[in-house]
Each structure stands twice: as structure tokens, then as C-alpha cells.
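# Inside the fold
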Amino acid sequence: MIKGVLFDLDGTLIDSMSVWDTVGIQLLESYKIKAPTNFNEIVKTMTVSQAAEYLKQHFLPKQTIKEIHLAILQQVMEQYLYQVPARPGVEALLELLYQRDIKMCVVTANEKPLAEGALKRLGLLHYFSFVLSCSELNCTKSSATIYDEAINRLQLSKEEVVVFEDALHCIQTAKKAGYMVIGVYDKAADLSKETEEIKCLCDDYILDYTSWIKERNHETNFDDCRF
């Protein structure tokens with residue numbers, strides 16, 4: 001029986017992936033440096049801290065990692081605190097799960113203040129037992145560390161939780177570690193031609209929350225969901 005849900009943040013709960021498309025590139029441009037054509041592909045699996053380290057090592061040796069880190073956060077902070085919207089239908093799903101006593105948490109590669117700030121503004125933060133960031137654990141989602149820590153804090157087993165993720169590399173990690181995963185459509189996956197692979201890997205797939213809830217309303221305790 002499913003008793004808990006681990007939600008990714010960016011692209012899964014909130015429509016924020018586009019915020020990150022140009023952050024690093026614009027930062028480099030401010031120093032009159034042209035980013036390589038594969039820049040976004042290189043940094044997409046990194047945390048903000050890791051991206052700052054990468055930028056220092058390869059492009060900005062005179063800046064400290066802390067300075068670069070803060071510059072990245074300053075670029076995106078306003079959008080998270082005032083602009084980034086929730087994915088349509090997310091609140092309805094969270095309310096259904098909450099009413100059915102499903103424990104929920106957020107597992108994100110993003111910075112915790114950005115995650116909590118956006119969720120609080122959107123009126124969603126109260127649904128979650130906690131927000132857990134990769135930075136807290138000094139990990140990325142290339143390992144299952146953040147998922148394992150989340151279920152430990154929820155006091156649940158892998159068999160009792162399901163993971164909601166939109167990014168292929170995160171889905172691959174969670175599935176390899178033995179978690180049930182529901183994939184969530186995000187246009188970034190389409191652009192990188194990863195959607196079909198995501199659909200094949202996942203135990204279920206959400207094109208949009210509103211339609212998914214209507215189709216599976218009787219199953220939203222997950223007891224009989226199509227895994």
C-alpha cells in the first residue's frame with residue numbers, strides 16, 4: 001500500500017525549467033565570456049553549488065565559488081518568489097493526497113530557500129512534511145541518496161512510496177534504486193527527445209495533472225494505480 005509521495009520541484013510541481021535555460025549563459029555574458037554550445041547539457045544535472053564550482057574552474061577563476069553561487073541565486077530569486085507558477089492541477093492532486101493521509105515531501109536539486117519561497121507563495125508548502133535539497137546532503141540526483149534520505153525521514157519503505165519526476169536522469173536513478181516512478185511531462189524533455197524513453201521507464205505518466213486526476217480519481221490513494 002502506498003503511504004507516501006516524493007515530489008520533485010522544478011518541472012514537476014512548478015513550471016520553472018525555463019528560468020534556468022539562460023542563467024549561466026547570461027552570467028558568463030556579463031563577464032564578456034561566450035558559453036559553449038553544449039553548456040546547458042553539461043550543467044543540467046548539477047546543483048547550483050556544483051554549477052558555481054564548474055563556472056569557477058572553467059570560466060571565472062578570479063571569482064570565488066560563493067560569489068558565483070550568489071550571482072546565480074540573485075538572477076533567479078525574483079522569479080521564484082514572485083513569478084513562477086504551479087503546474088496546472090497540482091494543488092488539486094496535493095489536496096486529494098492530503099485528504100487521504102498520504103505523506104508528502106519535496107526532493108529537489110534546487111536550493112531550499114528558492115523551493116520553500118515558491119511553494120509558500122503558491123500556497124502549497126503546508127502540504128509537505130519537509131523540503132529536502134541535494135545541497136543539504138552534498139549529492140545530486142545521479143545517486144539515490146536524496147530519495148533514500150526522504151523515505152527515512154518519512155519512516156516509510158521503498159515499497160510504500162512513489163516518486164514524481166520529470167527529468168530523465170532523475171527517473172533513471174530512482175528506477176535503478178527500486179522506486180516506483182510516475183513521470184511528469186515537461187517540454188524540456190520533448191526538446192531533448194527524451195519523452196518516449198521516460199514513458200518507457202516510468203510506472204505511469206502524466207501529460208497534465210488535471211486530466212490524470214479525472215482519469216484516476218478513484219485510484220488516487222494509489223492502491224490500484226497502474227504500476
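My aim in this report is to walk through the structure given alongside it, one point at a time.

About the thresholds
- Residues numbered from 1 in each chain as written.
- Predicted model: local features only at pLDDT ≥ 70, side-chain atom pairs only at ≥ 80, totals over all residues.
- Heavy atoms only, no water.
- Phe/Tyr/Trp six-rings, centres within 6.5 Å; stacked < 30°, edge-to-face > 60°.
- Helix = DSSP H or I, 4+ residues; strand = E, 2+ residues; numbered from the N terminus.
- Buried < 20%, exposed > 50% of the residue type's maximum accessible area, 1.4 Å probe, protein only.
- Lys NZ or Arg CZ within 6 Å of the ring centre and 35° of its normal.
- Core = buried A, V, L, I, M, F, W, Y, C linked by side-chain atoms within 4.5 Å.
- Contact = heavy atoms within 4.5 Å.
- Pairing = 2+ DSSP bridges.
- Axes fitted to C-alpha atoms, helices over the stretch in contact; angles between N-to-C directions.

### Here we look at the packing of aromatic side chains
The full count for this structure, using the stated rule, is eight aromatic pairs. Taken together, a centroid distance of 6.1 Å and an interplanar angle of 90° make the contact between phenylalanine 164 and tryptophan 212 edge-to-face. A residue pair is termed long-range when its members are at least 10 positions apart, and phenylalanine 164 in strand E4 (residues 161–165) and tryptophan 212 in helix H12 (residues 209–216) qualify at 48 residues. For tryptophan 212, a relative accessible area of 3% translates into the label buried. Sitting above the plane of the phenylalanine 130 ring, arginine 153 keeps its charged end 5.7 Å from the centroid.

### Some points on the nonpolar core
Formed by 51 residues in total, the largest nonpolar core has its most connected members in Phe7, Leu13, Leu55, Leu94, Phe128 and Phe164. If one sorts the elements of this core by residue count, helix H4 (residues 65–82) sits on top with six residues. Look past the residues within four positions of phenylalanine 7 in its chain and what remains in contact with it is Thr12, Leu13, Leu93, Leu94, Leu97, Met104, Cys105, Val106, Val107, Phe128 and Phe164. Counting 26 residues, the second largest nonpolar core, distinct from the first, contains Leu6, Leu132, Val161 and Ile171.

### Section: the sheet that holds strand E6 (residues 204–206)
With parallel pairing, six strands are arranged side by side in an open sheet as E3-E2-E1-E4-E5-E6. Two strands close off the open sheet at either side, each with one partner strand: strand E3 (131–133) and E6. Across the sheet, the axes of successive neighbouring strands diverge by a mean angle of 25°, strand direction being ignored. Sheet topology note: the strand E2 (residues 103–108)/E3 ladder contains three bridges and is parallel. Residue pairing for E3: valine 107 is matched across the bridge by leucine 132. Taken strand by strand, H12 contacts E4, strand E5 (180–184) and E6, and its axis lies near 130° from that of E6.

That is the geometry; function is a separate question.
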